[in-house]
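Analysis of the macromolecular model
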Amino acid sequence: MKNMNFFEFRFKLNIHTILSVGVYLFFALIVYGQDHNHMHHDLGDEEDKYYRIATVAIPDSIKLEVSGMAELPDQRLAVSTRMGELWIIENATMENNSKPIFKLFASGLHTPLGLAYRDKAFFVAQRAELTKITDTNGDDIADKFETITTWPLSGNYCEYNHGPILPPDGNFYINFNLGDNGMGASSEPFYGEMGSHAAWRGWMVQVTPEGKLNPYAAGLRSPAGIGVNSIGDVFYTENQGGWVGTGYLSHVEKGDFFGHPSSLKSANLPGSPVKIDTSQVPRDKPLLHEMVDRLPGFKMPSVRFPHGILGTSLTGFVPDTTNGKFGPFTDQLFVGDEGQANIMRVFLEKVNGAYQGAVFPFKKGFESGILRMNGASDNSIYVGMSDRGWHSSGPKRYGLQRLVWTGEIPFEIKTIKAQSDGFELEFTMPINEKTAIDPNNYQITSFDYAYQQKYGSDLYEKKEGKIKAVKISNSGKNVRIVLDELRKGFIYEIKCSGIKSAKGNPLLHDFGFYSLNNIPIGNPLTLDDSVTQFHDVEIEEKTVKKTPKKQVVKQANNQRILTKTSSLKKNQNSVPADWVNGPDMTITIGVKPGLKYDLESFNIKPNAKVKLELVNTDDMQHNLVGTLPKSADKVGKTALSLGIDGTAKNWVPELKEVLFHTKIVQPGATEVIYFVAPAAEGDYEYVCTYPGHYMSMRGVMKVYK
């Protein structure tokens, strides 16, 4: 295959749309009424030294909720929007700080969540059809709309279509989102909060150039990203929820089943390549890796992203096909996240014929939730954003930015490769040998998630590993780590916090997560004089069987502010014994769309005895943490740093600023807690510390006489 710029395959990431009757088309050149800040700066952010974010100026009159992108042969950028417009942007890279020019190519499309371009035509997956859009007279205004194929709908609002993409085989591929089933008692029995109410919902489908729709793979839930790697193999991203313990990226082949049983409602239809019945689906909550043996035809995801640590809502992705012009990560994938407004990096390898690999943090600080990404001809990455009504950690509702390599190489874990007896880590530059052979500079922990109808999953069977030996390569960039055992099918967190480069630099990001679906067949490392062995080193093993421990947060030593009832816990779920007359007041707080509490403030008196109910009517998990004044940001940020321990701790950090808290409350559930209001007057805060929520989901408890 010839060398090519980022995504010169021309099969751009995309997602769904449908042509509404009466398309309104017009030509528009946009005049800017104000200056725009072209660069995004995050002071103190070390990532900016290596990859900077450049903001594409969007006119105030355009709500560019980017849902798909495609760079044209003349280097203009085509952008579809969630609200059904298709724009062509000239000078999107803003050469010499000159402003881009926006021209409206088409409008009236129905929820296009992707965009592909081939042979002078655009392709969008609308709500009920795949549409070809062309400009027949060269005036940059669409004037021909052709239906390639259609598919059934139930009318459920959540029946999104992600794609299409155009891999090298010439066919279109589209992901069909499941519909919304409601939460709690209103959800569909067995299937849960999302379900299939029309043929092929929860499937990836293939559409031939002639318009024949072929079901391709099943078991999808909310598959918001679809694309290819650097050699054209098809992958998709999935999001945490019912039957999906954590989000993931996976290779897709015809006949694959990824686990959500609602898609199996179509498995008996003509043309289905999946022959699984719902009666075969385990109900006893096995660990995910056990599903390979429990359910023939089940496919393990290639790379799993621990929820809250690396992403909360995985979306689009692009491969690095620049041959080093975007840094040292050639052929790796860059995956966007809507909730955390960041990008992760994925290294893939084939082990025993199947893809698996590692995910690493890469770049944070984008201005809105990332939905789509696309490689640019100047070797940068276009990043298209929309929070789609769900607030992300980014400060804006939508945006278009570029990620640009500065030319400086960061000190990073470049790859993690599985070995028959451990792992081999490759770094982007030579390492300091003294730090690399010290076993105390590594922490390796394996764990898994459950396969269950319940939304998401805790971490199960967490175990810390023992390092038996370390060997550094002659190049000084590779470290071979021999472990006492490998657990097939588990996720491995590999932390290298003490490793330094030969020049003394710390790692920019010191951890990654490897999905060990298969253990390579091969010879173990020969433990000779060239290998540093650790016969006497003991690393404490901690295995949590099935049910993780829930942390009880210690009481802070500030009784004047916290309470007059010394026996109260921070998570007090029963009425205190000395409340003979019960609580002084009851506060009920619910959840509304957009990551918001439905009660943004309430008033109480100092030392009041309070009963608080958190009613989670949302389809996501939430908690409520009461904090000292002006402490919500600190508590929220600290919660993010809990890593793989966050789930067991209900994402509540051990801080004196935490006054009271609920546990993580599942969708459709309610938790009641009791606390005594602070004695000191002031505006106290409450916040959801579930990853990605603290920026917007908060309120104020006003304590005054």
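What you see is a predicted model; the values in this text were computed from it and never measured.

In this section: the sheet that holds strand β6 (residues 101-106). Taken together, the four strands give an open sheet; going across it, the order is β3-β4-β5-β6, and neighbouring strands pair in antiparallel fashion. In this open sheet, the two strands that pair with only one neighbour each are β3 (66-71) and β6. Across the sheet, the mean angle from the axis of one strand to that of its neighbour is 25°, orientation sign disregarded. Two elements, strand β4 (residues 77-81) and strand β5 (residues 86-90), share four bridges in a ladder whose sense is antiparallel. Along β5, the bridge assignment pairs S80 with L86.

Our focus in this paragraph is the pairing of strand β11 (residues 161-165). Of all five residues in β11, five are buried; the element is thus mostly enclosed. With three bridges connecting them, β11 and strand β12 (residues 172-176) associate as antiparallel partners. The partner of H162 across the bridge, within β12, is N175. Once β11 ends, the chain turns through six residues before running back antiparallel as β12, passing G170 with a positive phi of about 85°.

So, about the confidence of the model for the protein. When the pLDDT values of the protein are averaged, the result is 90; 89% of them are 70 or greater. In this model, residues 1-44 is a region of pLDDT below 50 whose contacts with residues beyond four sequence positions or in other chains number 182 contacts. Of the regions scoring below 50 in pLDDT, residues 537-544 engages in 21 contacts with residues more than four places distant in sequence or in other chains.

Attention now goes to the pairing of strand β23 (residues 342-351). Successive residues of a regular strand alternate their side chains across the two faces of the sheet. Summarising burial for β23: nine of the ten residues are buried, a large majority. For strand β22 (residues 333-337) and β23, the ladder comprises five bridges, and the chain directions are antiparallel. Residue pairing for β23: F334 is matched across the bridge by R345. Counting the residues between successive antiparallel strands, the hairpin from β22 to β23 contains four residues, one of them, A341, with a positive phi of roughly 55°. The sheet contact formed by β23 and strand β24 (residues 354-363) spans nine bridges and is antiparallel. Across the sheet, R345 pairs through a bridge with F360, a residue of β24. Count of turn residues in the β23/β24 antiparallel hairpin: two residues, of which N352 carries a positive phi of about 55°.

Procedures and definitions
Residues numbered from 1 in each chain as written. Predicted model: local features only at pLDDT ≥ 70, side-chain atom pairs only at ≥ 80, totals over all residues. Heavy atoms only, no water. Pairing = 2+ DSSP bridges. Helix = DSSP H or I, 4+ residues; strand = E, 2+ residues; numbered from the N terminus. Axes fitted to C-alpha atoms, helices over the stretch in contact; angles between N-to-C directions. Buried < 20%, exposed > 50% of the residue type's maximum accessible area, 1.4 Å probe, protein only. pLDDT = per-residue confidence, 0-100. Contact = heavy atoms within 4.5 Å.

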